[in-house]
Amino acid sequence: MSGDFDSVRVVGVSRHFGRRRALSTISLTARSGEIVGLLGPNGAGKSTLIGVLATLVAPSSGEVRYGDRPVRELGPELRHHIGLLAHELHLYPELSARQNLTFFAGLYGLDRQEIVDRALERAGIVDRADDPLSNFSRGMRQRVALERALLHRPRLVLFDEPFTGLDDQAVGLVADRLRVLAADGCIVFMATHDLDLADGLVTRVALVRSGKLVSDEPADADLRARYRELVRQA
Amino acid sequence: MFRRVALLVLRKDVAIEVKSLEVVSTTLFFAVSCVLVFAFALVRDGSVVVDAAAGILWIAIAFSGTLALGRTFERERYAETLRALLLAPAPRAAIYVGKLLGIVLLLGVAELMLVPLVSLLFSTPFFARPLLFVGLLLTGTVGFAAVGTLFAAMLVRSRTRDIMLPILLYPITVPVIIAGVRGTAALLAETPDEPAALMWIALLASFDVVFVTLALWTFEPLMTE
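The text that follows walks through the structure, step by step, so that each part is easy to find.

## Some words on the overall build of chain A
Reasoning step 1: Regarding its fold elements, chain A presents 8 helices and 10 strands.
Reasoning step 2: A compact globule built from 234 residues would reach a C-alpha radius of gyration of about 17 Å, and chain A, at 18 Å, matches this within 12%.
Reasoning step 3: Oriented by its inertia axes, the alpha-carbon framework of chain A measures out at about 50 × 40 × 35 Å.
Reasoning step 4: Burial analysis of chain A (234 residues in total) assigns 54% to the buried set.
Reasoning step 5: Taking the contacts inside chain A whose residues are at least 6 apart along the sequence as the reference set, 68% of them involve residues at least 24 apart.
Reasoning step 6: As presented, chain A carries roughly 9900 Å² of accessible surface, and 45% of it is formed by carbon and sulfur atoms.
Reasoning step 7: In chain A, 31 positive and 31 negative side-chain charges are present, and the distance between their average locations comes to 7 Å.

## Digging into empty space enclosed by the protein
All names here are of chain A.
Reasoning step 1: By the definition in use, this model includes 2 cavities of 30 Å³ or more.
Reasoning step 2: Mapped onto the lining of the largest cavity, the elements with two or more residues apiece are helix 3 (97-107) and helix 5 (138-150).
Reasoning step 3: The class makeup of the residues in the lining of the largest cavity is 6 nonpolar, 1 polar and 1 charged.
Reasoning step 4: Estimated volume of the second largest cavity: approximately 30 Å³.

## A few points about the sheet that holds strand 5 (residues 69-70) of chain A
Residue and element names in this part refer to chain A.
Reasoning step 1: Strand order in this open sheet of 4 strands is 2-1-4-5, and the pairing throughout is antiparallel. With one partner strand each, in any of the chains shown, strand 2 (20-31) and strand 5 form the two edges of the open sheet.
Reasoning step 2: With 2 bridges connecting them, strand 4 (residues 61-66) and strand 5 associate as antiparallel partners. Bridging across to strand 5, Arg65 finds its partner in Pro70.

How each quantity is defined
Residues numbered from 1 in each chain as written. Chains lettered and ligands numbered in written order. Predicted model: local features only at pLDDT ≥ 70, side-chain atom pairs only at ≥ 80, totals over all residues. Heavy atoms only, no water. Helix = DSSP H or I, 4+ residues; strand = E, 2+ residues; numbered from the N terminus. Rg over C-alpha atoms; globule rule 2.2 N^0.38 Å. Buried < 20%, exposed > 50% of the residue type's maximum accessible area, 1.4 Å probe, protein only. Contact = heavy atoms within 4.5 Å. Areas by Shrake-Rupley, 256 points an atom, 1.4 Å probe, with all protein chains shown as cover. Lys, Arg positive; Asp, Glu negative; His and termini not counted. Charge placed at Lys NZ, Arg CZ, Asp CG, Glu CD. 1 Å grid on protein atoms, 1.4 Å probe; cavity = no way out; pocket = protein on both sides within 12 Å on 5 of 7 lines; lining within 4 Å. Points joined across faces, edges and corners; volume = space filled by probe spheres on them. Nonpolar A, V, L, I, M, F, W, Y, C, P; charged D, E, K, R; others polar. Pairing = 2+ DSSP bridges.

Encoded structure:
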């Protein structure tokens, strides 16, 4: 598909909401196969940066380059290559899992029913595929949301606090899926403030604090100690 | 891709509504209550103030339409599904068109119930000139929904959306309501004034073209945070 890319470059991106500065001249690059952990305390600007990468939030200044091209050159086609999973599930609770996945597959021009069937299998809910989503547990809904975000096999996968409210088994499943995605050549960004979950999963760490990129480095063996040190310095 | 996404959004809204009947039931209940209250207030011994039926019909459409707009977008806010829609690889205006078609369809269903009810309670022959009357309803409904859908989408993330929607919507849609009332009244006159009704339909059609174009043009920048 046209418009594919193997790197994402954030170049001097700032974003203000009125007088509040959510992001301040952030620059970083992520390449195919990397899992970049966007770490930082609540309100640091991680979700805003995820929004900018997803093209849902426009930067006040700076730009994001997908491959070597900016958003305005790529147009709506770019969104074929972006998948977003946030804490909010982006699913309709009144509809069944199958109806939700069929609808979102349709938005991406994927009409084949087997794509939805495979996604239901991966989510492990084939036997409850036609139940309304409102009857599902948080973990089951999150699994459907994960499949919804990945239906169109995006190159850039954006996870914003994907583990909130999940039990250990569900966390393990999402983490395994993240590793597979990276191995398949996806560029993965994961915003979280949970260091235990990020430890051993991310390949790079970008620490954001008060809208500024404090550090961008390979994931250290002792992520928690490094994080504490960086936050103290900032 | 544009048409496909717009129709998918419409079909999804219809599927949700068929399952929940939430917006249809509240909208119809409100619209019927509104007409009944006016009927008790204005009909005396079988006679009614001239042109009252035209005014009441359009007020009921406008008020129930505002309710439907709020509820429909509340659904997209609940699980932030609007963000997922905006991630579709199609021009974002397609999402607007899909939501607009859904609102027009919903108001069409409400009008199917309102018109016979007003006609019965106010002894009003709405269908003496059926084509012109349907033309007025259609152009008026599209105009109201075009402005309403844009504002409701813009306000979906605002905490004050329930207050702000009518404040923004009514001043801009006053021409639609006035044109609808005057056009309907022209058709209900003892000798129906067809040229006047046509003039009001043309005015409403112009309003529709201007506001649908404006919404298509501004939807993407307005929805990008």
